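# Remarks on the overall topology
As a plain string of letters, each chain reads:
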Amino acid sequence: MIKVLVVPLTLLLVGCQQITEFKAKSSGSEVPRNPREKVIFDYFNALQNKDYEEACRLRAQHSACSQGAIKSFKQVYDQHHQDLPTLISIGEEERVVLEESNCGYAYTVYAAYPNTLTLHSGLVGMRTKADKSEGCFIEYNSSFGSVP
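Report on the accompanying structure. Keep in mind that what you see is a predicted model, and the values were worked out from it rather than measured.

Turning to the overall build of the protein, a few remarks are in order. When you go through the protein residue by residue, the secondary structure sums to four helices and four strands. Across the protein, helices and strands are ordered from the amino to the carboxyl terminus as α-α-α-α-β-β-β-β. For the protein, with 148 residues in total, the buried portion stands at 39%. When contacts within the protein are restricted to residue pairs at least 6 apart in sequence, those whose partners lie at least 24 apart make up 58%.

What follows is about the pattern of salt bridges. Tallied over the full model, the rule gives five salt bridges. The residue Asp42 makes a salt bridge to Lys38 at a minimum N-O spacing of 2.9 Å. Here the residue Asp42 and the residue Lys38 both occupy positions in helix α2 (residues 35–48), the gap between them amounting to four residues, near one helical turn. Looking at Asp42, the relative accessible area reads 26%, which means it is partly exposed. Glu139 is paired through a salt bridge with Arg127; the nearest N and O atoms lie 2.9 Å apart. Here Arg127 lies in strand β3 (residues 119–127) and Glu139 lies in strand β4 (residues 137–141), a separation of 12 residues in the sequence. Residue Glu139 is classed as partly exposed on the basis of its relative accessible area, which comes to 36%. Classification of Arg127 as partly exposed rests on a relative accessible area of 23%.

Here the focus is the state of the cysteines. A covalent bond between the sulfur atoms of two cysteines is referred to as a disulfide. As enumerated under the stated definition, the model contains two disulfides in all. Between the sulfur of Cys56 and that of Cys65 lies a disulfide, 2.2 Å long from S to S. Across the S-S bond linking Cys56 and Cys65, the dihedral sits near -105 degrees, which makes this disulfide left-handed. In this model, Cys103 is linked to Cys136 through a disulfide, with the two sulfur atoms separated by 1.9 Å. Between Cys103 and Cys136, the S-S torsion sits near -85 degrees, and that sign places the bridge as left-handed.

On to unusual backbone geometry. A positive phi angle, near 60 degrees, is found at Lys50, a position not held by glycine. Its place among the elements puts Lys50 in the loop between α2 and α3 (52–57).

Glancing now at helix α4 (residues 67–80). For α4, with 14 residues, the first-to-last C-alpha span of 20 Å sits near the 20 Å given by 1.5 Å per residue. The set of residues buried in α4 consists of Ala69, Ile70, Phe73 and Tyr77. Axial view of α4: buried residues confined to an arc of 95 degrees, hence all on one face. Exposed residues on α4 whose side chains face more than 90 degrees from its buried face are Gln67, Lys71, Gln75 and Gln79. For α4, the secondary structure elements touched by its buried residues are α2 and α3.

Next up on the list: the pairing of strand β2 (residues 105–112). Counting buried positions along β2 gives seven out of eight residues, so the element sits mostly inside the fold. Of the strand pairs in this sheet, strand β1 (residues 87–95) and β2 are connected by seven bridges, and their pairing is antiparallel. Directly across from Arg95, in β2, lies its bridge partner Tyr105. Hairpin connection between β2 and β3: a loop of six residues separates the two successive antiparallel strands, and Asn115 in this loop has a positive phi of roughly 60 degrees.

Calculation criteria
- Residues numbered from 1 in each chain as written.
- Predicted model: local features only at pLDDT ≥ 70, side-chain atom pairs only at ≥ 80, totals over all residues.
- Heavy atoms only, no water.
- Helix = DSSP H or I, 4+ residues; strand = E, 2+ residues; numbered from the N terminus.
- Buried < 20%, exposed > 50% of the residue type's maximum accessible area, 1.4 Å probe, protein only.
- Contact = heavy atoms within 4.5 Å.
- Salt bridge = Lys/Arg side-chain N within 4 Å of Asp/Glu carboxyl O.
- Disulfide = S-S within 2.5 Å.
- Expected span 1.5 Å × (residues − 1).
- Arc of directions from axis to C-beta.
- Pairing = 2+ DSSP bridges.

Encoded structure:
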């Protein structure tokens, strides 16, 4: 007699999600190791929480987040919010720009997306703002979300 084991699809998807998140966690750090990495996590959290004003503030190309810039974030991310990853971790750091500030770095960021076993990775570039605002900001993001 052959027994057939039936596993509900939702259990399989939950299992896939846990495996993908484990791969992300083991590929990088889930907590910031320096102030630049904190900006990346803050940006990810702002997107997850739909705090578009904060997300805009953390971007290097916006010296002042106008209502138009915030509206642009809202339009792009509201439409694709469900496509954001559930978890990110930060891997390798690479110095890419020799500028006076301490911001010229690129980071490999790993992203776990829902309902997939595939671990995604991309780059997040950091720099100072053109108006010389204090701190480091996101210049480029190919790791999670899109760049308005």
